[in-house]
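# Survey of secondary and tertiary structure
The lines below spell out each chain.
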Amino acid sequence: MTTTAVVPNDVLRAVRIGLRLSQDDFAKALRQAGKELGEPNEASKRLVQRWESGTSKTPRGVYARALERVTGRPVEALGFSLPVPVARVHADGAGGHDMDTGAEGVTSAGVGAQSAAQSGEETFSGVWLSRYEFYSSSRAKTYEGKHYVVIVQHGNRLTAQSLPGASSNPDSPLTLDLTVDRNVVTGSWVEQTASDGYYNGARYHGAVQLLVEPTGRRMVGKWVGFGKDFDVNTGPWELRLVDKSVSKATLECYSRVPD
C-alpha cells in the first residue's frame, strides 16, 4: 500500500503569522467572515491546525471564500492542493527587458550555514527586507519594489509572506515559496497588484534564484517572469535580514512601508 507523505502548509502559516493572528484568532476571523458573507462556518483552531499541518489539503467552498476574505488573497495562493491558476495578464503597458543584477561580492555560503539548512535548523526564519527592480517599457524607467516579508522555515523549505501595509507599492501582497540547497535558494514568487493601481489588479508570478552570503543574512540573485506580451523578463532581487524575531511586536513594528 502506498502512503502519501503529509506536507505542512507553510504558505498558510506564513500568511497567518503575517496577519499577526494566533490560530485561534484566525479561526474567529474566518467565522466572522462567514457571517459577513452570509455563509456561516464552523472554523476552529483545530481546523486551522489541520490545514497548516497538511492533514487537510483542500478547504471546502465555504471556507475557501472565508479564507480569501480574511487574507485578501486568492485561495490558490494560500498553499492548498488546488489546480494551478492561469496567469492573469492585463494590457497594462508594463513590458520589460533583461537587466544586470548590479550586485557584487556575492559568494557561496559557509559550511556551517549549509549544514544547518540541510539539517532543517531554522536559520532563515525572521523578518527580511525584499527588494527587486523591474523595467517598465511604457514609462521608459526602472522601478523598485520593496516589501518587509516574514520568512517561515520548515526543513529546507522557506515561505515568505509580505506583512500588511509593508509594501512600497500600496496593496501589493507578495509571496515566495523557496527551497534551500546548500548556498542556493530557488523557488517561485507571486505578487497581487492593487486593483486601483497602475497595473489594475494584475497578478504576476514567476521564478527566482538567489545565492546566500556566508553570513546567512543576505540573499542576492535574479527573478524571471512574463511581461504583458508573454515575453520573458528578468531583473535583480535581494533579500536582507532585518530581524530574527517573529514575535507579534516585531511584526507590528515592520508592518509599514519600507524606507
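This text goes with the structure placed above it.
Being a predicted model, the structure only gives us computed values, none of them experimental. (Residues numbered from 1 in each chain as written. Predicted model: local features only at pLDDT ≥ 70, side-chain atom pairs only at ≥ 80, totals over all residues. Heavy atoms only, no water.)

### Focus on unusual backbone geometry
Although it is not a glycine, Arg20 adopts a positive phi angle of roughly 60°. Looking at the element boundaries, Arg20 is found in the loop between helix H1 (10-18) and helix H2 (23-37). Despite not being glycine, Arg182 has its phi angle at roughly 60°, a positive value. Here Arg182 is to be found in the loop between strand E4 (174-181) and strand E5 (184-192). For Arg182, a relative accessible area of 46% translates into the label partly exposed. (Helix = DSSP H or I, 4+ residues; strand = E, 2+ residues; numbered from the N terminus. Buried < 20%, exposed > 50% of the residue type's maximum accessible area, 1.4 Å probe, protein only.)

### Overview of the side chain of Arg73
Mapped onto the elements, Arg73 comes out in the loop between helix H4 (61-71) and helix H5 (111-119). Polar side-chain contacts of Arg73 include one of 2.3 Å to the backbone oxygen of Thr71. Setting aside chain neighbours within four positions, we find Arg73 in contact with Val15, Glu68, Leu78, Gln161, Ser162 and Pro173. (Polar contact = N/O pair within 3.5 Å; in protein donor to acceptor, adjacent residues only side chain to side chain. Contact = heavy atoms within 4.5 Å.)

### Thoughts on the packing of aromatic side chains
Scanning the model with the defined rule gives 9 aromatic pairs in all. Here the aromatic rings of Tyr132 and Trp237 are separated by 5.1 Å at their centres, their planes lie at 50°, and the arrangement is tilted. Of this pair, Tyr132 sits in strand E1 (residues 126-136) while Trp237 sits in strand E8 (residues 232-243), placing them 105 residues apart in sequence. With a relative accessible area of 8%, Tyr132 lands in the buried category. (Phe/Tyr/Trp six-rings, centres within 6.5 Å; stacked < 30°, edge-to-face > 60°.)

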